[in-house]
Amino acid sequence: MTTLIVGGNRADPAGDRDRSHHRRHLRNQARYTAHAAEGLVRLAMAAAERGSRLVHVSSDAVFSGARVTYDESRSPDPVTPYGAAKAAAETGVLIVHPKATVARTSLIIGHGRSVHERAVRELAAGTRDGALFTDDIRCPVHVTDLAAALLELASYDASGIHHLAGSDALSRYELGVLIAQRDGLNASLLPEALRADSGLSGALDIRLDSRATQGKLRTTLRGARQFCTEPA
């Protein structure tokens, strides 16, 4: 049987204090995701017709942060156009392909190539404006763990909603410090700020509870405190 793993998280501008850049980024992000959602639904329809498995990778942006912690039973309540587009894609995929898997994830970190890791290096070097927020909380996941977990979900045809996030809830600043220490950078050079004072849109604190899905997996979804301190 053919298995398709589609979708993914777009870059998140939450470490940037430039409001005009942030708004422009969100508009572009939402526009891209709205078009992608339509394509995903068409792909899901084709997969269902052919009896193929489909794993759609979604985002914690479907939540507002009002509840802080979200398990798989919680309904989406997005507060940004991007989050609304991601939620619409989830709904559309599951309507046309009820046996599909929707896997929500959070900040994806790993091997120094993620947006957040590049931002940390640039901020520490003084080549980038902005700051890392101390009140913007997520549950980062390592790209290797995420990839392995997605393959597992695909292999046993797990339909419905699943959460694939790391076990540690950290602020952007706390995560930046861990990355800087891992990479031998001076973490004291990282600028910090409160997102609540920035006027930027979006949820402050979203913690994906992945315990139900973790119980079905052989792959351990490590927290950032672990994967940022272990040898590569």
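So, a few notes on the structure that sits alongside this text. A quick note: this is a predicted structure, and the numbers were derived from the prediction, not measured.

Once that is clear, we can look at unusual backbone geometry. The phi dihedral of Val-68 falls on the positive side, at around 70 degrees, and the residue is not glycine. Position of Val-68 among the secondary structure elements: in the loop between strand E2 (53–59) and strand E3 (69–70). Its identity as a non-glycine residue notwithstanding, His-111 has a phi of 65 degrees, on the positive side. One can find His-111 in the loop between strand E5 (108–109) and helix H3 (115–125). Note on His-111: relative accessible area 46%, which makes it partly exposed.

Let us look at the nonpolar core. Counting residues in hydrophobic clusters, the biggest one holds 18 residues, and the most contacted among them are Val-120, Leu-132, Leu-175, Ile-179, Leu-190 and Ala-224. Elements that contribute at least two residues to this core include exactly H3, helix H5 (172–182) and helix H7 (224–227). Tallying contributions element by element places H5 first for this core, with six residues. In contact with Leu-132, other than residues within four places in its own chain, are His-116, Val-120, Leu-123, Arg-172, Tyr-173, Gly-176, Leu-190, Pro-191, Glu-192 and Ala-193. Judged by nonpolar contacts, the second largest core, of 13 residues, contains Val-57, Ala-103, Val-141 and Ala-158.

We now examine the packing of aromatic side chains. Counted according to the given criterion, the structure contains one aromatic pair. Look at Phe-63 and Tyr-70: their rings are 4.1 Å apart centre to centre, the planes differ by 15 degrees, and that puts the pair in the stacked class. When its relative accessible area of 1% is taken as the criterion, Phe-63 is described as buried. The exposure class assigned to Tyr-70 is buried, which follows from its relative accessible area of 1%.

Our next topic: the pattern of salt bridges. Counted according to the given criterion, the structure contains 16 salt bridges. When the shortest N-O distance is used, the salt bridge between Arg-50 and Glu-49 registers 3.9 Å. Residues Arg-172 and Asp-136 are paired through a salt bridge, measuring 3.4 Å at the closest nitrogen-oxygen approach. Here the residue Arg-172 occupies a position in helix H5, and Asp-136 occupies one in the loop between strand E6 (132–133) and strand E7 (137–138), the gap between them amounting to 36 residues. Through salt bridges with shared partners, a single network forms among Asp-60, Asp-136, Arg-138, Arg-172 and Arg-195.

Turning to the sheet that holds strand E4 (residues 101–105), a few remarks are in order. Pairing is parallel in the open sheet, where four strands are placed in the order E1-E2-E4-E9. Two strands close off the open sheet at either side, each with one partner strand: strand E1 (3–7) and strand E9 (160–164). Pairs of neighbouring strands in the sheet enclose a mean axial angle of 25 degrees, with direction left out of account. In terms of strand pairing, E4 meets E9 through five bridges, oriented parallel. Bridge assignment links Thr-101 to a residue of E9, and that residue is Gly-160. Strands E2, E4 and E9 of the sheet are contacted by helix H2 (residues 81–96), whose axis makes an angle of about 160 degrees with E2.

For the rest of this paragraph, the subject is empty space enclosed by the protein. Enumeration over the complete set of coordinates arrives at one cavity of 30 Å³ or more. For the largest cavity, the calculated volume is near 30 Å³. Residue lining of the largest cavity: Arg-53, Leu-54, Val-55, Lys-99, Thr-101, Leu-153, Ala-154, Asp-157 and Ala-158, and that is the complete set. Of all the elements in the fold, those that place two or more residues in the lining of the largest cavity are E2 and helix H4 (143–155). The biggest single contributor to the lining of the largest cavity is E2, with three residues. Residues that form the lining of the largest cavity fall into these classes: five nonpolar, one polar and three charged.

Scoring rules and cut-offs
- Starting from 1, residues in each chain are numbered consecutively following that chain's sequence as written.
- Given that the model is predicted, a residue must reach a pLDDT of at least 70 before its local features are reported, and side-chain atom pairs must reach 80 or more before they are shown or counted; all residues, however, enter totals for whole chains, interfaces and linings.
- Hydrogen atoms and water are omitted, and side-chain values are computed over all heavy atoms in the structure.
- Counting from the N terminus, the helices are the DSSP runs of H or I reaching at least four residues and the strands are the DSSP runs of E reaching at least two.
- Buried, partly exposed and exposed residues are distinguished by accessible area as a fraction of the type maximum, computed with a 1.4 Å probe on protein chains only: under 20%, between the cut-offs, and over 50%, respectively.
- Take the buried residues of types Ala, Val, Leu, Ile, Met, Phe, Trp, Tyr and Cys, join any two whose side-chain atoms come within 4.5 Å, and each joined set is a nonpolar core.
- In this description, contact between two residues means that some pair of their heavy atoms is separated by no more than 4.5 Å.
- Each pair of aromatic rings taken from Phe, Tyr and Trp, with Trp reduced to its six-membered ring, is defined by centres within 6.5 Å and is described as stacked if the planes are under 30 degrees apart, edge-to-face if over 60, and tilted in the remaining cases.
- Salt bridge criterion: a side-chain nitrogen from Lys or Arg within 4 Å of a carboxyl oxygen from Asp or Glu.
- At least two bridges found by DSSP between two strands is the condition for calling them paired.
- Interaxial angle, 0 to 180 degrees, is taken between N-to-C directions of lines fitted to C-alpha atoms, where a helix line uses only the stretch in contact.
- A pocket, in this scheme, is an open set of points on a 1 Å grid over the protein atoms alone with protein on both sides within 12 Å along at least 5 of 7 lines, while a cavity is a set where a 1.4 Å probe fits but cannot get out; residues line either one if an atom lies within 4 Å of a point.
- Grid points are joined across faces, edges and corners, and a volume is the space filled by probe spheres set on the points.
- Residues are sorted three ways: Asp, Glu, Lys and Arg are charged, Ala, Val, Leu, Ile, Met, Phe, Trp, Tyr, Cys and Pro are nonpolar, and all the rest, Gly among them, are polar.

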